Amino acid sequence: MTCVLAIDIGGTKLAAALVDEAGSVVRSATRPTPRADVMSALAALVEEVTGDGPAPGAVGIGCAGPLDLEAGTVSPVNMPSWRGFPLREEVRKLTGLPVVLAGDAQCMALGEHWLGSGRGSAALLGIVVSTGIGGGLVIDGVPLLGRSGNAGHVGHMTVDPYGERCECGGRGCVERYSSGPNLARWALANGWQAPDGEPADARALARDAAAGQEVAVAAFERGARALAAMIASTAAATEVSTVVIGGGVSAAGPVLFDPLARALDDIGGLPFVRAVQVKPTTLGVRAGLAGAAKLAWDYSRSAAA
Ligand SMILES: [Zn+2]
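Analysis parameters
- Residues numbered from 1 in each chain as written.
- Predicted model: local features only at pLDDT ≥ 70, side-chain atom pairs only at ≥ 80, totals over all residues.
- Heavy atoms only, no water.
- 1 Å grid on protein atoms, 1.4 Å probe; cavity = no way out; pocket = protein on both sides within 12 Å on 5 of 7 lines; lining within 4 Å.
- Points joined across faces, edges and corners; volume = space filled by probe spheres on them.
- Nonpolar A, V, L, I, M, F, W, Y, C, P; charged D, E, K, R; others polar.
- Helix = DSSP H or I, 4+ residues; strand = E, 2+ residues; numbered from the N terminus.
- Pairing = 2+ DSSP bridges.
- Axes fitted to C-alpha atoms, helices over the stretch in contact; angles between N-to-C directions.
- Contact = heavy atoms within 4.5 Å.
- Disulfide = S-S within 2.5 Å.
- Buried < 20%, exposed > 50% of the residue type's maximum accessible area, 1.4 Å probe, protein only.

1. Concerning empty space enclosed by the protein
Left-over empty space is what a probe sized like a water molecule reveals as it rolls over the atoms. Taken as a whole, this structure holds one cavity of 30 Å³ or more when the rule is applied. Lining the largest cavity are Cys166, Glu167, Glu175, Arg176 and Asn182. A breakdown of the residues in the lining of the largest cavity according to their chemical character gives one nonpolar, one polar and three charged.

Below, the structure is given as structure tokens:
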């Protein structure tokens, strides 16, 4: 066995790659996620990647959640045609190979730990800040998936027990303060306007914050402070030493990371919490595929042992 098949399934894009044991991508392809019959698109993508390439020995899949690892099913929030969809079994039938499944942000964390910003860290939290906030933990080199596969859902950690109601049903979740749409929502409510003809989103807000626009700067300060509270709490619970932040909002750069460092300095107390290193992603959108490949490699090694 010289490679594994890695698959990354999101609401907007499907990606697949053949990845060797060192993490090098042998072949890869992507296509948009269709609104219906996602499985046919996935089958065509797998065919494109595996066609006349080396035969993979196992499949690793990172998929948007929630998922149920015991049942091998997925119900991605932004893919309404998949509810309790038996993804693991369908891909096993499609490929005839052993299949291992995890959440997309868990795979991002594992990928960054294997090949990216978190390389060599004893314990890592990966965070994806975009439309929502996802996360994954890698403890002693092993992804912490949780019984049903939903461990690491740090976006729904409460940072204000008296805070606003979140879409998940909880209250004061960090996602309610720090995701892209919520950054823009708060800024708009406080007098910010997007430049003419541009969507009022986190990207425009980041540009205005970088230019020093007061409300835009304040929006990122507020979002960064909520993120810092979540990171400090997670560090206190798990002793993560490294936090890697990816997702569209992380592209904001210093307007996010500078106030985040200041807030962590203010919020963190115990020395091991204060020692947490926060870094931007180095793999970007490739982190999920890298993590899915690592899952498959680890799975085949444990199966062989
Ligand atoms: Zn929530």
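2. Overview of the layout of surface pockets
Within this model, the second largest pocket holds a volume of roughly 200 Å³. Around the second largest pocket, the lining is made up of 14 residues, and of these Gly23, Val25, Arg286, Leu289 and Ala290 lie nearest the centre. At the level of elements, strand 2 (13-19), strand 3 (25-32) and helix 10 (287-304) are the ones that each hand at least two residues to the lining of the second largest pocket. With four residues, strand 2 is the single largest residue contributor to the lining of the second largest pocket.

3. Considering the sheet that holds strand 1 (residues 4-9)
With respect to topology, five strands assemble into an open sheet ordered 3-2-1-4-7, the strand pairing being mixed. Looking along the sheet, the strands with just one partner apiece sit at the ends: strand 3 and strand 7 (99-103). The average undirected angle you get between the axes of adjacent strands in this sheet is 15°. Sheet topology places strand 2 next to strand 3; seven bridges connect them, and they run antiparallel. Looking across to strand 3, one finds that Val19 is bridged to Val25. Packed on one face of the sheet, helix 1 (residues 38-50) meets strand 1, strand 2 and strand 3 and runs near 155° to strand 3. Along the sheet face, helix 10 touches strand 1, strand 2, strand 4 (59-63) and strand 7 and points at about 140° away from the line of strand 1.

4. What to know about the state of the cysteines
Here the structure, examined in full by the defined rule, presents zero disulfides. Here Cys3 stays unpaired: no disulfide links it, and the sulfur of Cys107, its closest cysteine neighbor, is 17 Å away. The class of Cys3 is buried, set by a relative accessible area of 0%.

5. Topic: the sheet that holds strand 12 (residues 277-280)
The strands that make up a sheet are held in pairs by hydrogen bonds between backbone atoms, and each pair lies either parallel or antiparallel. Read across the sheet, five strands follow the order 10-9-8-11-12 without closing on themselves; strand pairing throughout is mixed. The open sheet has two free edges, formed respectively by strand 10 (142-144) and strand 12, since each of these has just one partner strand. Between one strand axis and the next, the sheet turns by 25° as a mean value, whatever way the strands run. Sheet analysis places strand 8 (residues 123-129) next to strand 9 (residues 133-139), joined by seven bridges and oriented antiparallel. Residue Val129 lies in a different strand from strand 9, and its bridge partner there is Ile133. Here helix 3 (residues 104-115) sits on the sheet in contact with strand 8, strand 9, strand 10 and strand 11 (242-246), set at roughly 50° to strand 9.

6. Focus: the environment of Arg286
Mapping Arg286 onto the fold places it in the loop between strand 12 and helix 10. Using a relative accessible area of 54% as the deciding quantity, one classes Arg286 as exposed. As for Arg286 and Gly72, which are separated by 214 residues in sequence, their C-alpha atoms are 24 Å apart.

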